[in-house]
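Spelled out from the first residue to the last, the chains are:
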Amino acid sequence: MKTDTGKKVITIAIVQDDLVQDYTTNYYTSWLESETNCSIQFDYIPHGYKKEYIKALLTANSGKIDCVILPQNQSIISKEDFLSYAEKGLIYSLNRLTAEGTNYYNILHKSDNSLPEESLLINSNLYYFPNAETSRTSKNFQTFWINTNWLKALGLQIPKTTDELHDVLIAFRDKDPNNNGISDELPLVGCESNYSLQSYNFLLNAFIHNDPINLRFYKGDNDSIYSPITNDFRDGLKYCHRLYSEDLLADISFTFTQNQILETVCSPEDIVGAFTSQSIVDNIYANAPAILSCYIQVPPLIGPRGYKNAIYTTPKPSIGAFIPANSKNPDEAFKVLDAMLSEEGALIGAFGEYDVDWTFSLGDDISLYGNKAEIVTLNYLKSKTQNKNYAGAGVRYVDETYIDGVAWNGDNSLVEYLDARAAKVYEPFYNREIQEDSKYLYTQLGNPTELTNYCDDMINKFITGELDINSDYHWKAFITKCKELIGDDFLSNPE
C-alpha cells in the first residue's frame, strides 16, 4: 500500500510501553519516516496474547505485518521458538539485504568486532536485528549489593572476606538493623530465575573460579578443570549451606520469582540486607532513588585461601526485530530497521532528540566512569514517560564510546552511576584469559545442557540441605555423575 504522496506504508507490530506516549507521533517514528521515505503505521501486540499473536501473524497467508519490534527485555518469543519458525521458512532471511554499505553490514564488520556475525547466525542465515548491550556495566556479570543504612545502624564496615560477611549477616539477623522491634530481617536474598541473581554464585567465586554462564570450566596447567567437582568448590558449597542453615541466606531465595524479590527489596519495611544482580535495577525500581541510595557494591570477597574473583561476560544480543516471511514490503521494512542501526538512529533510540534531550560534550564533562564524556543529557528520558523513542525496544546498537561516555549529572542515586561505580570496582578482578578458556571448553562438550541442568540442580540441593554436602557418599556420587556427563578424558581434576 502507498500513501497519496507515493510513500510505501510499513506496518510495524509492537508492544505498547506505558513509558511511550504515542508511537504514531513519536519523534523516533517521524525521524525514521524522513530517513527512509516510508510511512509507518503500528499494529499493537495484545498483552495477554503475545505469543499467539506472533504465531498468527507468521502463519497468515497474506501478512499485514511488515516487521516486528520486540521489547528490550523481551519474553514474547524464545530463541528456540524463533529457530523453529526460521527453520519452517516463516522468518525472512536478511542475507540478501545486508549488503555492503548498509548499517547492519558496517556493524558486523567493525574493526573491534564487538558484535561478531556468528553470534547472530542461525543455520548460516541472518534472521533478526539485534538489541545489543554494549556498555561496560553489561559486561560485569554480578555485583553484590549491601544495605548501608543497616551497616551504619550497627556500626559495621563493608565486609572484605567471607568470614567478615558471615559476621555481618549474623548482626543483620540478630540486632534489628531496621529498628522496628521485629525479627523480620532477611540478611541475604537471591533468586533462581537468573544466574546473576543467585547470590551463592558470588560467594563461590571467593573459593574458586565460578563462571556459571560457561558451566564453570577453566584451563588448568595441563588440561581442563571442572570447578564444581574440586575440593575448593565443595568448601564454597559448605559455606553457602552454613549461611542457609543459619537463616542468613533466606529460603525465599529458592522459591521467589524475580518480581517477588524486587517487591521484597523495595518493601517500605526495609527488610533486606544484601542481594546480588548485574544491574541494581534488577532488584530495585529505577524510580525509587531513596531505596537505590541505600545500597552500595561490595567488592569481590576474599576467600579462606586468599582467592577473589569477578566474572566478565559478553552479553549475547537479543532479538530486537525481525521481518516475517509473508511481509509484503521486506525491502522497505529492512530500510526502516537498518536506519535504527545508524549512528544517528542509535543515539535517538538511546537518548532522544539531539540538542533537546542530549548533546555532544564540548570536552569539559566527566563521564560516569571518570573519563572524558561524549554525551551530555539535557532531559533524562530513562524510566520516564516520553515521546522521543521506543524506551529501548527494537533494534539497538549504541557504540560503547557513547553509551559509556555519558556525563555524570551529580546524582548518586542514578542507576547508571551506581552500575558504573560497581563495574569499576569489579573490573580489576576479571580474569579474561580464564574466561575465554571457559567459553572454548564449554563449546567442546557434546551435550552441555544436560550437564548444566544436573550441576545447577545439585548445587541447589547441596546448599539447601536436600543432599548433605558433608557426606562423602553424596559428594562422590555427584563427582561420578559429572564425569559421566563430561567424559573422563576431558578432565584433569586431580581431586
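Residues numbered from 1 in each chain as written. Predicted model: local features only at pLDDT ≥ 70, side-chain atom pairs only at ≥ 80, totals over all residues. Heavy atoms only, no water.

A.B. asks: Please explain the side chain of Asn125 as it appears in this structure.
C.D. replies: Mapped onto the elements, Asn125 comes out in strand 5 (residues 125–126). Within polar-contact distance, the side chain of Asn125 engages the side chain of Ser93 at 3.1 Å. Setting aside residues no more than four positions away along its own chain, Asn125 makes contact with Ser93, Asn95 and Leu120. (Helix = DSSP H or I, 4+ residues; strand = E, 2+ residues; numbered from the N terminus. Polar contact = N/O pair within 3.5 Å; in protein donor to acceptor, adjacent residues only side chain to side chain. Contact = heavy atoms within 4.5 Å.)

A.B. asks: Could you clarify how one ought to interpret the environment of Lys51 in this entry?
C.D. replies: Checked against the element boundaries, Lys51 lands in helix 2 (residues 50–59). Expressed as a C-alpha distance, the spacing of Lys51 and Asp81, which sit 30 residues apart in the sequence, is 9.9 Å. Not counting residues up to four positions away in its chain, the partners in contact with Lys51 are Ser75 and Ile76.

A.B. asks: Could you clarify how one ought to interpret the packing of helix 1 (residues 27–36) against helix 12 (residues 343–351) in this entry?
C.D. replies: Axis separation between helix 1 and helix 12 bottoms out at 10 Å; the angle between their running directions is 170°. As summarised for this structure, helix 1 and helix 12 are arranged roughly antiparallel, according to the angle between their axes. Mapping the contact onto sequence places Tyr27, Tyr28 and Trp31 in helix 1 and Glu344, Gly345, Ile348 and Gly349 in helix 12. Considered class by class, the residues forming the contact of helix 1 with helix 12 number four nonpolar, two polar and one charged. (Axes fitted to C-alpha atoms, helices over the stretch in contact; angles between N-to-C directions. Parallel < 35°, antiparallel > 145°, perpendicular 65-115°, else oblique. Nonpolar A, V, L, I, M, F, W, Y, C, P; charged D, E, K, R; others polar.)

A.B. asks: Any chance you could explain the pairing of strand 1 (residues 8–14) here in plain terms?
C.D. replies: Looking along a regular strand, one sees side chains alternate from face to face of the sheet. Within strand 1, six of the seven residues are buried, which leaves it mostly tucked inside the rest of the structure. Pairing analysis gives seven bridges linking strand 1 to strand 2 (residues 38–44), with the strands arranged parallel. Its bridge partner lying in strand 2, Thr11 is registered against Gln41. Where strand 1 meets strand 3 (residues 67–69), three bridges bridge the pair, whose relative direction is parallel. (Buried < 20%, exposed > 50% of the residue type's maximum accessible area, 1.4 Å probe, protein only. Pairing = 2+ DSSP bridges.)

A.B. asks: It is not clear to me how the packing of helix 8 (residues 231–245) against helix 16 (residues 448–464) should be interpreted in this structure. Could you clarify?
C.D. replies: The axes of two packed helices give the description: the angle between them and the distance between them. As a packed pair, helix 8 and helix 16 sit with axes 7 Å apart at the nearest point and diverge in direction by 50°. When the axes of helix 8 and helix 16 are compared, the pair comes out oblique. On the side of helix 8, the interface is formed by Phe233, Leu237, Cys240, His241 and Tyr244, while helix 16 contributes Ile459, Phe462, Ile463 and Thr464. Its residues assigned to classes, the contact of helix 8 with helix 16 shows seven nonpolar, two polar and no charged.

A.B. asks: How should I be thinking about the sheet that holds strand 7 (residues 143–147) in this particular structure?
C.D. replies: Within a sheet, each strand pairs with its neighbour through backbone hydrogen bonds, oriented either parallel or antiparallel. Strand order in this open sheet of three strands is 10-7-11, and the pairing throughout is antiparallel. Every other strand in the sheet has two partners, leaving strand 10 (274–277) and strand 11 (295–298) as the edge strands with one partner each. Going from strand to strand, the sheet's axes swing by 35° on average, the running direction of each strand aside. The sheet strands contacting helix 14 (residues 415–426) are strand 7 and strand 11, and the helix crosses strand 7 at an angle near 120°.

A.B. asks: Would you mind showing me how to read empty space enclosed by the protein here?
C.D. replies: Here the idea is plain: a probe the size of a water molecule rolls over the atoms and shows the empty space left. Scanning all chains against the criterion turns up two cavities of 30 Å³ or more. Its boundaries defined by the atoms lining it, the largest cavity holds a volume of some 70 Å³. Lining of the largest cavity is provided by 14 residues; of these, Tyr28, Gly349, Ala393, Val395 and Arg396 occupy positions nearest its centre. Here the lining of the largest cavity takes three residues from helix 12, the largest share from any one element. Its residues assigned to classes, the lining of the largest cavity shows ten nonpolar, three polar and one charged. (1 Å grid on protein atoms, 1.4 Å probe; cavity = no way out; pocket = protein on both sides within 12 Å on 5 of 7 lines; lining within 4 Å. Points joined across faces, edges and corners; volume = space filled by probe spheres on them.)

A.B. asks: Got a minute to help me understand the side chain of Glu332 in this structure?
C.D. replies: Considering the arrangement of structural elements, one finds Glu332 in helix 11 (residues 330–339). Judged by relative accessible area, Glu332 falls into the buried class, the value being 19%. Every residue in contact with Glu332, bar those within four places of it in the chain, is listed here: Lys8, Ile10 and Cys38.

A.B. asks: What exactly am I supposed to notice about the packing of aromatic side chains here?
C.D. replies: For any pair of aromatic rings, geometry is given as the distance between the ring centres together with the angle between the planes. All told, the structure shown has 30 aromatic pairs when counted by the stated rule. Judged by centre distance (5.5 Å) and plane angle (50°), the rings of Tyr23 and Tyr390 are tilted. Residue Tyr23 is found in the loop between strand 1 and helix 1, and its partner Tyr390 is found in the loop between strand 14 (375–377) and helix 13 (400–403); the two are separated by 367 residues along the sequence. Measuring from ring centre to ring centre gives 5.6 Å for Phe207 and Tyr239, while their planes differ by 45°; the resulting arrangement is tilted. One end of the pair, Phe207, is in the loop between helix 7 (199–204) and strand 8 (217–219); the other, Tyr239, is in helix 8, with 32 residues separating them in the sequence. In this structure Tyr239 comes out as buried when scored by relative accessible area, which is 7%. (Phe/Tyr/Trp six-rings, centres within 6.5 Å; stacked < 30°, edge-to-face > 60°.)

A.B. asks: Could you clarify how one ought to interpret the pattern of salt bridges in this entry?
C.D. replies: It is possible for side chains bearing opposite charge to pair when their charged atoms get close. As enumerated under the stated definition, the model contains 16 salt bridges in all. Sharing partners across several salt bridges, the network here consists of Glu353, Asp357 and Lys388. (Salt bridge = Lys/Arg side-chain N within 4 Å of Asp/Glu carboxyl O.)

A.B. asks: How do you make sense of the sheet that holds strand 6 (residues 128–131) when you look at a structure like this?
C.D. replies: Here five strands make up an open sheet; going across it, the order is 2-1-3-12-6 and the pairing mixed. Where the open sheet ends on each side, the last strands, each with one partner, are strand 2 and strand 6. Looking at each pair of strands side by side, their axes are set apart by 40° on average, direction ignored. Note that strand 3 and strand 12 (residues 318–322) share two bridges and pair antiparallel. Paired with Val68 across the strands is Phe322, a residue of strand 12. Along the sheet, helix 11 contacts strand 1, strand 2, strand 3, strand 6 and strand 12; its crossing angle with strand 1, the most-contacted strand, is approximately 60°.

A.B. asks: So what exactly am I meant to see when it comes to the pairing of strand 2 here?
C.D. replies: Counting buried positions over the seven residues of strand 2 gives five, a clear majority of the element. In the classification by handedness, the crossover that spans strand 1, the intervening helix 1 and the parallel strand 2 is right-handed. (Right-handed = clockwise from strand over helix to strand, strands pointing away.)

A.B. asks: What exactly am I supposed to notice about the state of the cysteines here?
C.D. replies: A disulfide bridge is the covalent bond that connects two cysteines by way of their sulfur atoms. Per the stated rule, a full pass over the model turns up zero disulfides. The thiol of Cys67 is not disulfide-bonded; the next cysteine sulfur, from Cys38, is found 9.8 Å away. You can see Cys266 has no disulfide; the closest cysteine sulfur is in Cys294, sitting 10 Å from it. Residue classification places Cys266 among the buried residues on the basis of a relative accessible area of 11%. (Disulfide = S-S within 2.5 Å.)

A.B. asks: How do you make sense of the nonpolar core when you look at a structure like this?
C.D. replies: Residues Ile54, Phe322 and Tyr390 are the most contacted members of the largest nonpolar core, which totals 60 residues. The element that contributes the greatest number of residues to this core is helix 11, accounting for five residues. Beyond its immediate chain neighbours, meaning those up to four positions away, Ile54 contacts Ile45, Val68, Ile76, Ile77, Tyr85 and Phe322. Within the second largest apolar cluster, 54 residues are counted, among which are Ile208, Leu215, Phe462 and Ile463. (Core = buried A, V, L, I, M, F, W, Y, C linked by side-chain atoms within 4.5 Å.)

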